[in-house]
Amino acid sequence: MEFQPSVFVRWFRDSSPYIHAHRGRVFVVSFGGEAVADPLFPGLVHDFALLHGLGVSLVLVHGARPQVEARLRARGVELHYGNGLRITDDAALQCVKEAAGTLRVEIEALLSMGLANSPMAGAKIRVASGNFVTAKPLGVRGGIDFRHTGEVRRIDADAMRAQLERGNVVLVSPLGYSPTGEIFNLSAEDVATATAAALQADKLLLLTEQDCIQMQDGAAIRQLTTREADALIQTEPTLDAETIPHLKAAISACQAGVQRAHLLNRNIDGAILLELFTRDGVGTLISSTPFEELRQATINDVAGILELIEPLEEEGILIERSREQLEAEIDDYTVIERDGLIVGCAALHPFPDAYRGELACLALHPAYRGEKRGERLLEHIEARAQASSLTALFVLTTHAAHWFREHGFENAQIADLPTQRQAVYNHLRNSKILLKALNAS
Ligand SMILES: CC(C)(COP(=O)(O)OP(=O)(O)OC[C@H]1O[C@@H](n2cnc3c(N)ncnc32)[C@H](O)[C@@H]1OP(=O)(O)O)[C@@H](O)C(=O)NCCC(=O)NCCS
């Protein structure tokens, strides 16, 4: 395809809010041994390197199932399962150790690439692996002894954090050690979920073999709260059997405090980048809180609000506000947060003596306009004003007078403003003044 500079520039600019939003965050990514065996795997590693380069703290957890099974088959050893779980006997444990060791070395080698003219040029990634996972045996269940199959007992989050703080990528294999010195075969997803929970990670990215879809109509599922995900699992067979354990892992990570879990089909080239840096993504997002939330702003939202309003200030649509001013007035602000990004805001500055409030700084990110979010923010501000016994809202605007008139505001004069506000009215800016009476509740 021919290179189109305008498309590139637009795409790069559109991705910048996400770049800021993800910097300094902790992401745990799990992928099966199938992904490592795929010829596309180096591309996935390049995407990990890019995330690392953009300041994301990365923990990678790999699986090893197909590699273990291939080794068992090559030795003519039979696979034993109980209740759908692999029983790891001595021969199987040997295969697990070999497969996990080989995979770790192969992944480390790919992360160490730095060939000029390749996406890894200049990446200089340091990889840390080690005894981060303490395991315990599954034991005997339903009369079946699972031998060396184990489950996570503890994750050494402090040690992992220390590595991440040094700028290292942490690589974890699906193995754990017990205080008695034994080795246990673990599921990569369990390790990833426990790791994300122990680190209180911002995201758990579960790379899967297929999309998360509704079975009846094949429609992709884009977002779910943990409660909705739980309900979907109960209404089997609306989901693919492979999807259920992934959803369960996502739910338990979110319930343990992980902000967001994403199920991503790893067969989509660049799935991680599309999910993290584009508006709609390509995967399924699971979170405890709704995907999009209108809420009172906190001091942590100041950077997000500034990012949203600065372009509008440059265009002269909004008046300039300094970080200090925003910090001082943050309690007046309401924001709409969508997947960690502030996409809308509005402020209510009350003038209680005049029983009036100023609606200010109403703004939506351009990609999220025209879907009634402006209206929702206005309704929310009106409710806040009424709760504070204010009887009217006024707004000063240079560009959006019609929008406000269509939402019940009427033209007004400087004399209609509270006296304190009249004193600081900027005649040069010549904003239109609009007023809306609020019904007494
Ligand atoms: C004004 C704004 C907050 C509206 O948010 P929104 O979520 O897009 O609003 P809604 O979905 O509730 O309403 C959309 C409707 O308003 C119209 N609209 C948007 N901006 C408008 C404006 N400046 N003047 C008149 N109408 C406008 C849209 O065309 C759309 O109408 P349509 O569906 O008939 O085409 C948003 O466009 C914005 O952030 N603008 C830039 C900042 C700004 O001007 N803020 C006001 C400063 S006080």
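Look up a bit, the structure's there.
What you see as residue numbers is a count from 1 along each chain, following the sequence as written. Since the coordinates come from a predicted model, pLDDT governs what is reported: local features require at least 70, and pairs of side-chain atoms require 80 or more to be given and counted, while whole-chain, interface and lining totals use all residues. Water and hydrogen atoms play no part in the side-chain values, which are based on all heavy atoms of the structure.

Draft legend 1. A look at the overall build of the protein chain. Note on conventions: DSSP H or I runs of at least 4 residues are helices, E runs of at least 2 residues are strands, and numbering of each starts at the N terminus. When its secondary structure is counted, the protein chain shows 15 helices and 23 strands. Reported as C-alpha extents along the three principal axes, the dimensions of the protein chain are approximately 90 × 55 × 45 Å. Considering only contacts within the protein chain whose residues lie at least 6 apart along the sequence, 69% involve residues at least 24 apart. The protein chains shown are the only cover counted for residues, whose accessible areas, like all others here, come from Shrake-Rupley with a 1.4 Å probe. Of the accessible surface of the protein chain, which amounts to about 21900 Å², a share of 50% is contributed by carbon and sulfur atoms. Under this rule, positive means Lys or Arg and negative means Asp or Glu; His and the chain ends count for nothing. To locate a charge, take NZ of a lysine, CZ of an arginine, CG of an aspartate or CD of a glutamate. Across the protein chain, the centroid of the 42 positively charged side chains sits 2 Å from that of the 57 negatively charged ones. Contacts were defined at the residue level, with two residues in contact if any of their heavy atoms lie within 4.5 Å.

Draft legend 2. Seen up close, the pattern of salt bridges. The rule for a salt bridge is simple: a side-chain nitrogen of Lys or Arg has to be within 4 Å of a carboxyl oxygen of Asp or Glu. With the rule as written, the count across this model stands at 21 salt bridges. With a shortest N-O distance of 2.6 Å, R373 and E371 are connected by a salt bridge. Only protein chains enter the accessibility calculation, which uses a 1.4 Å probe. A residue is then buried if its area is under 20% of the maximum for its type, exposed if over 50%, and partly exposed in between. E371 gets classed as partly exposed once you look at its relative accessible area, which sits at 43%.

Draft legend 3. Main features of the sheet that holds strand β19 (residues 341-351). The seven strands lie next to each other as β17-β18-β19-β20-β21-β23-β22, forming an open sheet whose pairing is mixed. Two strands in the sheet have a free side with no partner beyond their single neighbour: β17 (292-296) and β22 (410-412). Each neighbouring strand pair of the sheet contributes to a mean axis angle of 30 degrees, computed without reference to strand direction. Sheet topology places β22 next to strand β23 (residues 432-437); three bridges connect them, and they run antiparallel. The criterion for strand pairing is that DSSP finds at least two bridges linking the strands in question. To get an axis, a line is fitted to the C-alpha atoms, and for a helix only the part in contact is used. The angle between two axes follows their N-to-C directions and goes from 0 to 180 degrees.

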